[in-house]
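Here's the letter readout for the chains.
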Amino acid sequence: MTGMRKSVFLAAMLVAAALFSISCNKETVEKPKYITFAIDANFERFSDKDSICYYLDKSKEAGFNGILVDVRGTYGSVLYKSDFMPELTEVKGFRCDRDWDYLQYMIDEAGKRNMKVTVSTAVFPVGSSWWHTGQVYSDSTLASLTCVEYTPHGMMKIEDDRTKAAAFMNPVLPESQEYAKRFIRELFTRYKFDGYVLDYCRYPDAESDFSEASRKAFEKFTGEEVEHFPGDIFTYAEDGSRIPGKYYKQWWLFRSTVIKDFIADISRMKNELCPSVELQYWAASWLHAIYTQGQNWAGTQSRFYEEYLDDWATEDYWKTSFAEYIDVFVTGTYLEHIWGADDPESIEYGINRTLRDVGDACRVYGSLYALNYRDFEDAVYLTLSRTEGLMVFDLIQVIQYDLWDEIKAGIDRAESEI
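Residues take numbers from 1 onward in each chain, read along the sequence in its written order. Local features in this predicted model are restricted to residues whose pLDDT is 70 or higher, and side-chain atom pairs enter the listing and the counts only when it is 80 or higher, whereas totals over whole chains, interfaces and linings include all residues. As a rule here, side-chain values cover all heavy atoms of the structure and leave hydrogens and water aside.

Draft legend 1. Just the environment of arginine 95, in detail. In this text, helices come from DSSP runs of H or I with a minimum length of four residues, and strands from runs of E with a minimum of two, each type numbered from the N-terminal end. In this structure, arginine 95 sits in strand 4 (residues 94-95). Remark: exposure states derive from per-residue accessible area (1.4 Å probe, protein chains only) relative to the maximum for the residue type, with buried under 20%, exposed over 50%, and partly exposed in between. Relative accessible area serves as the criterion here: at 48%, arginine 95 is assigned to the partly exposed category. Sequence spacing of arginine 95 and phenylalanine 43 is 52 residues, and the spatial spacing of their C-alpha atoms is 9.1 Å. Residues are treated as being in contact if the distance between any of their heavy atoms lies within 4.5 Å. Those residues in contact with arginine 95 that lie beyond four places of it in its chain are Thr89 and Glu90.

Draft legend 2. Broad picture of the nonpolar core. Ile67, Phe193, Tyr196 and Leu198 are the most contacted members of the largest nonpolar core, which has 124 residues in total. Examining the composition of this core, we find that eleven residues originate from one element, helix 7 (residues 248-273), more than from any other. Val197, Val330, Tyr365 and Met391 belong to the second largest nonpolar core, which has seven residues in total. The definition of a nonpolar core used throughout is a set of buried Ala, Val, Leu, Ile, Met, Phe, Trp, Tyr and Cys residues joined through side-chain atoms within 4.5 Å.

Draft legend 3. View of helix 6 (residues 212-222). Within helix 6 the residues assigned to the buried category are Ser214, Arg215, Phe218 and Glu219. Across the axial projection of helix 6, the buried residues extend over an arc of 135°, all falling on one side. Exposed residues on helix 6 whose side chains face more than 90 degrees from its buried face are Lys216 and Lys220. Along its buried surface, helix 6 packs onto helix 7. Once helix 6 finishes, glycine 223 follows within two positions and takes phi at roughly 75°, a positive value. Directions from the helix axis toward the C-beta atoms define the arc.

Draft legend 4. The arrangement of the packing of helix 9 (residues 376-386) against helix 11 (residues 404-415) in detail. The N-to-C vectors of helix 9 and helix 11 enclose an angle of 35°; their axes lie 8 Å apart at closest approach. Between helix 9 and helix 11 lies a crossing whose hand is right-handed. Contacts from Phe376, Glu377, Asp378, Val380, Tyr381, Leu384 and Ser385 in helix 9 reach Glu406, Ile407, Ala409, Gly410, Ile411, Arg413, Ala414 and Glu415 in helix 11. Ten residues, namely Ala, Val, Leu, Ile, Met, Phe, Trp, Tyr, Cys and Pro, are considered nonpolar, four, namely Asp, Glu, Lys and Arg, are considered charged, and the remaining ones, Gly among them, are considered polar. Along the lines of polarity and charge, the residues of the contact of helix 9 with helix 11 split into eight nonpolar, two polar and five charged. All axes here are fitted lines through C-alpha atoms, helices being fitted over the stretch that makes contact, and every angle between N-to-C directions spans 0 to 180 degrees. Here a crossing is called left-handed whenever its near helix is offset anticlockwise from the far helix by less than a right angle, and right-handed whenever the offset is clockwise.

Set out below in structure tokens:
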């Protein structure tokens, strides 16, 4: 082979290798696309193995390459093999006593279809206040851990308040945290899956928790004795609105610190037991409005709270950021409008704000509520093209509104641009 021909041949080989590399890389960087299987909404549907297989096939055909399996809901019972928590066997009158491992079957069947599995659990709820059912109503130990509410009408236990969706354990209690860590550790050590989502890993709302334990923990946090509790935090106006007290801003800082520290502990546990698993956290995209729940999912570089220094934020609120402790933040843009960079009620706005506030602290997946089904193809396309992954909640609405074709079209449209 002459020198000229040899050079041409080598150049051609390099081009071919480069094209092959690009092709391989395109294959490996396919974005995660998950459909959620909620624990209670799909309980009857997934009581049968054939039904599980059918909807796994249906999901795969629609373009999903992963499933999110919810195995612990607000009731506190589970759909996996636990040493200390009972299995969920009945939802809204339908009973199913499985002699097979629900979660393991999901993992096995998803694997056969080359689909990844993310496991989700509610972290602090132990019962449904709305339905007045769940573990807290039969376990006095759990009842001793639940939140004490400070309402405009007085103090009450959260499990007695039917206006609440769930009866939460008080996140500040070491016993509450250990209970949650115990079942998270079970999942990490007994099953092999790809991701784990912390759901309901927060305070329930501004009314909870105002127990004596929270008072003592807050006093330790501030280094000051709170003379009038809860009045020094806030009081109520006649219309039920909050009137800030002496420690109002520090109270929200304290609660966000509790949640951040807990997530940091889970991150360390995950890295020790199963480092390849993605630690994920789901929350609403409207970050500025969930400070009462202790959910500062931003990165430490974000200064979004500076707009609220006259309201609820302190100058050092950034210290409660927890995005650096997770691998993926799943932003819930459960909004009816799709487009509108300047519209706070649009998915586009929610995604843009999330990307700004998370920065490079972790990856961001967009989450859509299938109940907001108008122009769902556009919603899927926007979410998948702007974020690093897609999560659609929930299978039951996808079925109800027959969204399979719209989802497939949105996925294909977004991936055609990669």
